[in-house]
Amino acid sequence: MKRKKLIFLIVISLFAGRGFEASSPQANQAWDGSQISPVHQIPLKDEFDQDIIPAEPYPLPFSSRYTCAPCHDYKVIQHGLHFDANQSKSTGRVGEPWVWVDEKTGTLLPLSYKNWKGMWNPKEVGLTAWDFSLLFGRHLTGGGVAEPADEDITPDSRWNVSGKIEINCLGCHNPSNVQNHSEWVKQILRQNFRWAATAASGLGEVKGMASRLPGTWDVFDGPNPDDTEWAVVPSVRYNQNLFDSRHRAFLDISHKPDDSRCLACHSVAPFDMKKFNFDEDVHSAAGLKCVSCHRNDIHHAMIRGYEGEANDYPEQPIEDFTCSGCHLGNKLAREGEGLPGRLGAPYPQHKGIPAVHFDRLSCTVCHAGPLPGKELTRVRTSRANRLGIYGIAKWATDLPVILEPVYIRDKNKKLTPHRLLWPAFWAEIEGGKISPLRPERVLAAAGEILNVEENVAGILKTLVTSLELDGSPVIILSGKVYELNADGGLDVSPLAGEAAVEEVVWAIKKDGKIVPLIPQFDPNAVKQSSDIEALIQKILEALATIPDASGKPVLVYKNVIYQVTNGYLEKTEKPNQTVSKPQLCWLNGDKIQPLVSEFERRTVSVTVGSEKTLTEEQVELVLEVLAFDNKSQKIQQTTNFAYISSGKMFRLNEKGKFESRDHEAAEPVVWPLAHRVRPARQSLGVNGCGDCHKLNSHFFFTKVRGTGPLQTESIKVRSGNSFMKLDKPYQLLFGLSFAVRPFFKVVLFVSTVVAGSILFIVFLIVLGRLSGLIERRR
Amino acid sequence: MFFSLIAIVSLIGLILGLTFLRFRAEIAKKEKYFSWLGRGFARIFKPSGLKQLRALYENWVLLYYLGWTKWVFFCLVVSFCYLAASGFAFALLSSRGMYGVFLLLHVSAGGLFALSLSAALVLRAKDYVLENISKSDVQKIFFWIFVISGLLLILTALSSMLSLFTLSTQVVLSEVHRSSALFALLSAVVFIDIAVVPRGK
């Protein structure tokens, strides 16, 4: 009887929940005219639409879908600009791609669910919603691809464990300084998707890692009392101070999000600039918020504010919020005249600028982004370079290299400043169609070719952990010192005070001083120091623990080989061998190979401490292994694989020779920039026509060099005018004409004075004759 | 669009008007106007037409522009012809406005026009001073309309190169430039018709 009652109650409550959702009155929520925001002292709901009671054991995280639902229609919001990239048919103006960065394979692949030129649809490259959320959840707003429908869930995913990433309303609307983007990222990486919003908002503290739970775990399973150390089930401990006696939580909601919330994902700053030198956008400096222009209603169809947006989104009154909409009062998409000066926007005079500029250039050409220089300015963006995430590890990455500004004609045929990214990826070519390879596939094929830094670092790690060294172990290669860094990679510094040594030297670094790991000794001495022999034995035993080593570790010095056999240090003489310094090697059969091979030495010296993560030698080797035909045990004559970097495609040609060539897929990906807007006094052209129109104009002829993870001389170089589709000779000639323009002005002025004076005199004569003051000629 | 319409209508109207007046004055009524006009137009490209042009040059240009001063006239005519041709071609046929090499040449021709116009004025202004407004002074009136239009053309070109005027003023200056160009062309056509084409009956 009790069970029947329970089932009945559950059914009733489910229907009640449905009914509530269906009768949600917010779709056409009308503003009552009050300029205040209501206080959000509301009950939190979990993903099953149940009230959260913070004090009860194992409470679930709050669900924005159900917590916000009584007043805000989640289904309407789901179609907002930030949430529907993978569903919306409207592409609008090109936006920033998501960049899949994998330094080891040298992959910088621009991705977008929108059909934008040069960007790959994640589905095309085999990224499921799960993969995409794991890769980019750090800067996703939730909803959309991160909240897939049940029918879109793929078998390889772990949504049942992690939960879905619902729209993170508080990510934007929580003005509190407690709102923590880094916490959000941490929770996403732990696959604590359903817990991330709660943890990031500061409503509660989340512990445990869904990523360590078995794939069969479900939220109904609850915590595992047998494991409180490793596979700890995520759990929330709510901050009960935020709840009242009726379990209603106080949510400090800001109707208009603060800039800091937008900038968590939309920051852009010049590379290597010091923070105190950074000038914010002139609009921000004037006190405007991002959302002052980038507005939205409950539909969350944010106004992007570009010219022509009204054509892309005809239902929105959008043109008011373009530059000219506020500053000039142009309402291009609507009838009638607008009023300039919206929100105090100054009315621009544009003195001396020929009107043609306003037909051919967007406002941002002169007013936004960095001024054009000899080369483009390198910037970092939040989403591409993982900015704004703080913790023990360094999150921000140098790659990808994003450059600005290049000027490209937009849909309105106006030049518009763009950001630029040179893609880099491995690809397979079939029937002329190019498909990027996932980094995992490249790594699997490449084996040790791409593991060079790890291998060398692995040896140093082994020495650190196995030996009680008085300092940190380092390796000296080609006059540089390589040591372990906090991330398990290598840091490089120049070898101070000594001439460059060609041999590989293993050493210990202490207080800046470097001493050899194995000190000088005479291996042929009748009585050898026991300390030296103990050290050699320890080192060889440590090296023997390295998995997948190339052989047995030995020490080779002069005509002697030391190796550990059955726990004892064995010394063998080789009369023909003369090695001047103690060398650690691998013994493989009769063959002795150095601990760090020539290939590794060459690669490490190029790649470590550099943004270049690959050498041409590595790429060639990887292309060979990719093209290796297991059946015939030969490299295929015509290879279908390529690597793209620096604006070039690298392939093995028909003769198996490594070569580079231009290819459409290697062309840069571009998207328009609109901010940082500079003050009028810093706009392009403020110093006159010569800002752009001169012989060596940076505006027209800035050098755009291909960038990428590959260390190569084969780099695509383009001139700024090629992006504008303008002829260089003509622009040179036109620029040159401005050199003679002052003379030209003088000619016109003198002509005007002469012609005007004669005209004036004639006028006076005629007037004099008409009035009789001057006698008429006969 | 409005300017294009006005320009086309006024130019065609003026040319047809002037030719029709001459047709009515010179030709027997039996002949059709348009066939006469067609033949006359075709004649320009025949050897006899070239001969007529040469005679015109010798009888009129060398008469009024002595010695080196003929070069002033030559520069004025060539620069004005290019300015008018390029300016109106782009105004009427292109929605983009003038660009490319044509623009560079237009600007250069503008400088030449300014110099040659002021030089021509220095040389010839005294012959065109109006004595009284009568039928015989029509040619002088069109001369001065051409000069005033030319001066406005130079002034507006110069003004647009100086950092003095706001965008809206520049738009007005551009309109004034175009209108002045139209007036200059129309007045030049009338002036040439009166001054150069031999009078019939």
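J.: Which residues make up the sheet that holds strand 17 (residues 513-516) of chain A, and what values do they have?
T.: Residue and element names in this part refer to chain A. With antiparallel pairing, the five strands of this open sheet are ordered in space as 15-14-13-16-17. Looking at the sheet topology across the chains shown, the edges are occupied by strand 15 (490-494) and strand 17. On average, each strand axis in the sheet is inclined to that of its neighbour by 35°, with strand direction left out of account. Pairing analysis gives five bridges linking strand 13 (residues 472-477) to strand 16 (residues 505-510), with the strands arranged antiparallel. Residue P473 lies in a different strand from strand 16, and its bridge partner there is I508.

J.: Which residues make up the sheet that holds strand 22 (residues 591-594) of chain A, and what values do they have?
T.: All names here are of chain A. An order of 20-19-18-21-22 is seen for the five strands of this open sheet, with the pairing classed as antiparallel. Of all the strands in the sheet, just strand 20 (568-573) and strand 22 have a single pairing partner and so form its edges. On average, each strand axis in the sheet is inclined to that of its neighbour by 35°, with strand direction left out of account. Pairing geometry for strand 21 (residues 583-588) and strand 22, over four bridges, is antiparallel. Of the residues in strand 22, the one forming a bridge with C585 is P594. Sheet strands in contact with helix 19 (residues 530-543) are strand 18 (552-557), strand 19 (560-565), strand 20 and strand 21, and its direction is about 60° off that of strand 19.

J.: Run through the interface of chain B and chain A, naming residues and quoting values.
T.: Many structure descriptions define interface size as the accessible area lost when the parts assemble. Between chain B and chain A, the contact holds 33 residues from the first and 32 residues from the second. At ten residues, the largest contribution of residues to the side of chain B that touches chain A is made by helix 5 (residues 100-124) of chain B. Each residue belonging to the side of chain B that touches chain A can be placed in one class, and the counts come to 23 nonpolar, nine polar and one charged.

J.: Tell me about the domain arrangement of chain A, and name the residues and values.
T.: You can read the domains of chain A as domain 1 (39-257), domain 2 (448-607) and domain 3 (750-778). One C-alpha centre belongs to domain 1 of chain A, the other to domain 3 of chain A; they are set 85 Å apart.

J.: Account for the packing of helix 17 (residues 439-446) of chain A against helix 21 (residues 616-627) of chain A, naming residues and giving values.
T.: Residues and elements named next belong to chain A. For the pair helix 17 and helix 21, the least separation of the axes is 9 Å and the interaxial angle reads 90°. Considering their axes alone, helix 17 and helix 21 lie roughly perpendicular with respect to each other. Seen from helix 17, the contacting residues are V442, A445 and A446; seen from helix 21, they are V622, V625 and L626. Split by residue class, the contact of helix 17 with helix 21 holds six nonpolar, no polar and no charged.

J.: I'd love a proper account of the confidence of the model for chain A, names of residues and values included.
T.: Per-chain confidence: chain A averages 87 in pLDDT, with 92% of residues scoring 70 or above. Counted against residues more than four places away or in other chains, residues 6-24 of chain A, with its pLDDT under 50, gives four contacts.

J.: Outline unusual backbone geometry, supporting the account with residue identities and numerical values.
T.: All names here are of chain A. A cis geometry characterises the amide bond from E404 onward to P405, with omega recorded as -5°. Along the chain, P405 falls in strand 9 (residues 402-409). With an omega of -10°, the peptide bond running from H675 to R676 counts as cis. Inspection of the secondary structure assignment puts R676 in the loop between strand 29 (669-672) and helix 22 (698-701). With a phi close to 55°, H300 is a non-glycine residue in the positive phi region.

Quick notes on the rules
- Residues numbered from 1 in each chain as written.
- Chains lettered and ligands numbered in written order.
- Predicted model: local features only at pLDDT ≥ 70, side-chain atom pairs only at ≥ 80, totals over all residues.
- Pairing = 2+ DSSP bridges.
- Helix = DSSP H or I, 4+ residues; strand = E, 2+ residues; numbered from the N terminus.
- Axes fitted to C-alpha atoms, helices over the stretch in contact; angles between N-to-C directions.
- Contact = placed C-beta atoms within 7 Å.
- Nonpolar A, V, L, I, M, F, W, Y, C, P; charged D, E, K, R; others polar.
- Domains from an automatic or database assignment.
- Parallel < 35°, antiparallel > 145°, perpendicular 65-115°, else oblique.
- pLDDT = per-residue confidence, 0-100.

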